[in-house]
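Read off the chains here:
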Protein chains: 2
Amino acid sequence: MACCAPMVREPLGEEAAAGLSRMFKALSDPIRLRLLSLIASHDGGEACVCDLTAPFDVSQPTISHHLKVLREAGLVGSERRGTWVYYWMLPEALAKLSTLLEIPAMSAKAPT
Amino acid sequence: MACCAPMVREPLGEEAAAGLSRMFKALSDPIRLRLLSLIASHDGGEACVCDLTAPFDVSQPTISHHLKVLREAGLVGSERRGTWVYYWMLPEALAKLSTLLEIPAMSAKAPT
DNA sequence: CGCTTGTTTCGATGTCTGTCGATACAGTCG
DNA sequence: CGACTGTATCGACAGACATCGAAACAAGCG
C-alpha cells in the first residue's frame, strides 16, 4: 500500500484514503478507542473479552460488536483459547496511522 | 487535556476518549482525509476552497460541509480573505493524534 | 449428556451522517 | 446600486451505525 508517508507531504490518493478512512472510522467511537487502549496496555499485550466488558456501561453484545469492528479494521487480532477469547493489538496498523499523521519537522513544505 | 500519551501505555479515560474519538471521526471519511492532506501539502500550508472543490466528484455544498467538520474537530483553521476562504492545517491536532497512536519502542510492556 | 458460563450472531429500532438542490450570505467589479 | 462569483447554510432523504434483547454457538464440568 502506498499510503504510509505523512499526509502532510503529498495529497492522498483515492484508494489510500478509502482504506485509511476505514481504520479511522474504527477509532471514531469512544468505546472502541478505550477498548483498544485497554487491550494494548493490558499485561502481555492481550486481553480476554471478559476483561473488556465490565469497564463499560453498554451490554456485552455491544462490546462484542465493537471488537468485531476493530478486528475487521485490522487493528486487533483475536483467538479463542479454551473458554475465553483473547484480543491483541496489531502494532503495524497503529504505526501506519501514526506515521500518516506525523508532521515531518516543518509543517510547511521545504523552503527553497 | 490528559490525552496525549501513547494509548498503548495506559487505558484512555472516558473524557479523553470522547474528545479523541471526535477527531478520529473527522478523519473517518475518505473525502475529509483527502481534503486534509490536500490542505496540508499545499504550497504555503493553506489552500482556498476553490482549490479544494475540483478534485472531488461531490457537490460544492458537500465539500463545504466536510470542511466544517474538519474545522469543528479542530484539525484545520479558516479565514476569509477578500473573495476567497482559506483553510490551513493545525499541526498540533495531528501531532496529538500521531503521538497517541505511537508504539513506544516495545509493543508489549517491558518484560520482567 | 445436559447444565452453566463466555462469546457471537441476529433482528429491530432510533439516531447520526453524507449527499443533494435550493437558497442565503459575502465580496468584487462595472 | 446591481450583477456576478465564491462560499456557507438549510431542508430533505437514503443509507450507515450504535445499541439492545433474544437466541445461537462454544467449551468446560457435573
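Preceding this section is the structure that the text describes.
Computed from a predicted structure; not experimentally measured.

Trainee: So what exactly am I meant to see when it comes to the state of the cysteines here?
Mentor: Note on terminology: a disulfide is the covalent bond linking the sulfur atoms of two cysteines. All names here are of chain A. Tallied over the full model, the rule gives 2 disulfides over all chains. The disulfide bridge from C48 ends at C50, spanning 1.9 Å between sulfur atoms. Since a negative S-S torsion denotes a left-handed disulfide, the C48-C50 link at about -45° is left-handed.

Trainee: Explain the protein's contact with DNA strand C here, please?
Mentor: What surrounds DNA strand C is a group of 23 residues, the closest being Q60 and Y87 of chain A together with S59, T62 and H66 of chain B. Near-protein atoms of DNA strand C (within 4 Å) split between backbone and bases, with sugar and phosphate holding 77%. At 3.4 Å, a backbone N or O of V85 of chain A approaches a phosphate oxygen of DNA strand C. H66 of chain B has a polar side-chain atom sitting 2.4 Å from a phosphate oxygen of DNA strand C. Going through the elements one at a time, α3 (49-53), α4 (60-72) and β3 (84-89) of chain A together with α2 (30-41) and α4 (60-72) of chain B are the ones with two or more residues in the surface near DNA strand C. For the surface near DNA strand C, the residue count by class is 9 nonpolar, 9 polar and 5 charged.

Trainee: Before we go on, may I ask you to explain the protein's contact with DNA strand D in this structure?
Mentor: Looking at DNA strand D, there are 24 residues lining it, with R32, S59, T62 and H66 of chain A together with Y87 of chain B nearest. The protein-proximal atoms of DNA strand D, defined as those within 4 Å of the protein, are 77% sugar or phosphate. R32 of chain A is positioned with one of its side-chain polar atoms (N or O) 2.8 Å from a phosphate oxygen of DNA strand D. Taking S59 of chain A, its main chain carries an N or O atom lying 2.7 Å from a phosphate oxygen of DNA strand D. Only α2 (30-41) and α4 of chain A together with α3 (49-53), α4 and β3 (84-89) of chain B provide two or more residues apiece to the surface near DNA strand D.

Trainee: Just checking my understanding: could you explain the pattern of salt bridges for this structure?
Mentor: Pairs may arise between side chains of opposite charge once their charged atoms sit close together. Within the structure shown, the criterion is met by 4 salt bridges over all chains. With a shortest N-O distance of 2.3 Å, E46 of chain B and R81 of chain B are connected by a salt bridge. Of the two residues, E46 of chain B is situated in strand β1 (residues 46-48) and R81 of chain B in strand β2 (residues 76-81); the sequence distance between them amounts to 35 residues. On the accessibility criterion, R81 of chain B (33% relative accessible area) is partly exposed. Taken together, the salt bridges that share partners define one network made up of E46, E79 and R81 of chain A.

What counts as what
- Residues numbered from 1 in each chain as written.
- Chains lettered and ligands numbered in written order.
- Predicted model: local features only at pLDDT ≥ 70, side-chain atom pairs only at ≥ 80, totals over all residues.
- Heavy atoms only, no water.
- Disulfide = S-S within 2.5 Å.
- Near = heavy atom within 4 Å.
- Polar contact = N/O pair within 3.5 Å; in protein donor to acceptor, adjacent residues only side chain to side chain.
- Helix = DSSP H or I, 4+ residues; strand = E, 2+ residues; numbered from the N terminus.
- Nonpolar A, V, L, I, M, F, W, Y, C, P; charged D, E, K, R; others polar.
- Salt bridge = Lys/Arg side-chain N within 4 Å of Asp/Glu carboxyl O.
- Buried < 20%, exposed > 50% of the residue type's maximum accessible area, 1.4 Å probe, protein only.

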